[in-house]
Amino acid sequence: MRTGPVDHADWNYRPLLGYVSRARFRLALSLLPKRAGAILELGYGSGVFMPSLARRAARVAGFDVHSSNAAVAAALRAHGVEADLRSGDGRALPFADAEFDAVVAISALEFVEDLDGLCAEVARVLRPGGTFVVVTPADAPLLDWALRLATGKDARSDFGDRRSRVIPALRRAFRIGRERAFPPVIGTVVPVYRSFACHELT
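Keep in mind that what you see is a predicted model, and the values were worked out from it rather than measured.

Asker: I'm lost on the overall build of the protein chain in this one. Help?
Answerer: Of the regular secondary structure elements, the protein chain holds 7 helices and 7 strands. By sequence separation, contacts in the protein chain at least 24 residues apart represent 65% of the contacts at least 6 residues apart. For the protein chain, the exposed area adds up to about 9800 Å²; of that, 58% sits on carbon and sulfur atoms.

What follows is the structure, given as structure tokens:
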């Protein structure tokens, strides 16, 4: 199902675009713990990534600004996945302190205005030693042109200047450990997506 104007879950199933879009999930999985007690996904959208998370955690939860949480939860349940999905305005996460072993955000932070506030909330709900995994698209005119060619979408109209603000906000709030990029060979020079495993500041 489509939960909002920037939810493009169908892109995951297109021939070439789908391979690129699903690369985000592969990046996230490479940085997430193999097993966890509880994982929270920020910006879960249609719930496409939830089955993969459910294979890694005893409990999965999600937060998004859209109000389709009940419908997405029902669709996931039909596929054998139980998820605690909640909605809100994004200023505060409706979860307890130190509730999650890992938090993951895939192509979500670039839609957030108050990145510092969200990072503070993520730090609050993470358990000591937990991991915040972020996958974010690169801010590059050539890639924006390719996106427009493949989908007709204008990245600037969706993101504004927020892509350039994601990594500095992460560095202010967390210690960044491992980093990965896609494509894996040239991604460090011309990345399509960048991913980060973030940990509490020490």
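Read on for the rest.
Asker: Whenever I open this one, the side chain of Glu-99 confuses me. Can you help?
Answerer: For Glu-99, the location among the structural elements is in the loop between strand E3 (83-87) and strand E4 (100-106). Since its relative accessible area comes to 15%, Glu-99 is described here as buried. Looking at Glu-99, its side chain comes within polar contact range of the main-chain nitrogen of Ala-96, at 2.6 Å. Ignoring anything within four residues of it in the chain, the contact list for Glu-99 reads Ala-38, Arg-59, Val-125 and Arg-127.

Asker: Help me understand the pattern of salt bridges, please; the structure alone is not making it clear to me.
Answerer: Should the charged atoms of two oppositely charged side chains come close, the side chains can pair. For the structure on display, the rule yields 12 salt bridges. With a closest N to O distance of 3.6 Å, Glu-179 and Arg-194 form a salt bridge. Of the two residues, Glu-179 sits in strand E6 (residues 174-182) while Arg-194 sits in strand E7 (residues 193-200), which places them 15 residues apart along the sequence. Its relative accessible area of 29% is what places Arg-194 among the partly exposed residues. Here the salt bridges share partners, and the residues they tie into one network are Arg-59, Asp-84, Arg-86 and Glu-99.

Rules of the game
- Residues numbered from 1 in each chain as written.
- Predicted model: local features only at pLDDT ≥ 70, side-chain atom pairs only at ≥ 80, totals over all residues.
- Heavy atoms only, no water.
- Helix = DSSP H or I, 4+ residues; strand = E, 2+ residues; numbered from the N terminus.
- Contact = heavy atoms within 4.5 Å.
- Areas by Shrake-Rupley, 256 points an atom, 1.4 Å probe, with all protein chains shown as cover.
- Buried < 20%, exposed > 50% of the residue type's maximum accessible area, 1.4 Å probe, protein only.
- Polar contact = N/O pair within 3.5 Å; in protein donor to acceptor, adjacent residues only side chain to side chain.
- Salt bridge = Lys/Arg side-chain N within 4 Å of Asp/Glu carboxyl O.

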